[in-house]
Amino acid sequence: YDPARPVPTGTFGAYSRAPGNRRAVQKRPDVLVYTSASMTQPLEVTGPVRLVLWAAASARDTDFTAALSDVHPDGTARALTDGILPEGVMPEVEA
């Protein structure tokens, strides 16, 4: 994590919000990507998307973001939805 080079967010999410290609973002060393096997049949994702995230950070304030992307055969990665847990919400933990 480098505060001088934050992971870009913003215009990537959802097809209705000018989707960008997330391929370059997903190749960054500070981005964690989980990829399933290629789908053999169409898959419909309907309704709210939820992520359960267990994380730890050495910084008191940080942002955690997540995106669900549709990866095309040519490698183009289009965000279907995304979200952010903004800085300043990390609870203080005394050692």
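Here, every reference points to the structure presented above.
Reading the values: the criteria
Residues numbered from 1 in each chain as written. Predicted model: local features only at pLDDT ≥ 70, side-chain atom pairs only at ≥ 80, totals over all residues. Heavy atoms only, no water. Helix = DSSP H or I, 4+ residues; strand = E, 2+ residues; numbered from the N terminus. Buried < 20%, exposed > 50% of the residue type's maximum accessible area, 1.4 Å probe, protein only. Contact = heavy atoms within 4.5 Å. Patch = residues over 30% accessible without salt bridge, like charges linked within 9 Å, V, L, I, M, F, W, Y side chains within 5 Å. Areas by Shrake-Rupley, 256 points an atom, 1.4 Å probe, with all protein chains shown as cover. Salt bridge = Lys/Arg side-chain N within 4 Å of Asp/Glu carboxyl O. Pairing = 2+ DSSP bridges. Polar contact = N/O pair within 3.5 Å; in protein donor to acceptor, adjacent residues only side chain to side chain.

(A) Looking closely at the environment of Pro-8. Mapping Pro-8 onto the fold places it in the segment before helix H1 (23–26). Residue classification places Pro-8 among the partly exposed positions, given a relative accessible area of 35%. Counting along the chain gives 57 residues from Pro-8 to Thr-65, while the straight-line C-alpha distance between them is 9.9 Å. Residue contacts for Pro-8: discarding those within four places in its chain leaves Arg-22, Val-25 and Arg-28.

(B) Structural context of a nonpolar patch on the surface. A contiguous nonpolar patch, built from Met-39, Leu-43, Val-45, Val-49 and Leu-68 and spanning about 480 Å² of accessible area, is present on the exposed surface. Structurally, the position occupied by Val-45 is in the loop between H1 and strand E1 (64–71).

(C) How the structure looks around the pairing of E1. Pairing analysis gives eight bridges linking E1 to strand E2 (residues 77–85), with the strands arranged antiparallel. Looking at E2, one finds that Thr-65 is bridged to Ile-84. Turn length for the E1-E2 hairpin, with the two strands adjacent in sequence and antiparallel, is five residues, and the turn residue Gly-75 shows positive phi of about 95 degrees.

(D) Structural context of the side chain of Arg-28. Looking at where Arg-28 falls in the secondary structure, it is placed in the loop between H1 and E1. Here Arg-28 falls in the buried class, since its relative accessible area comes to 13%. Within the structure, the side chain of Arg-28 is placed 2.7 Å from the side chain of Asp-30, a separation counted as a polar contact. Each residue touching Arg-28, except ones within four places of it in the same chain, is listed here: Arg-5, Pro-6, Val-7 and Pro-8.

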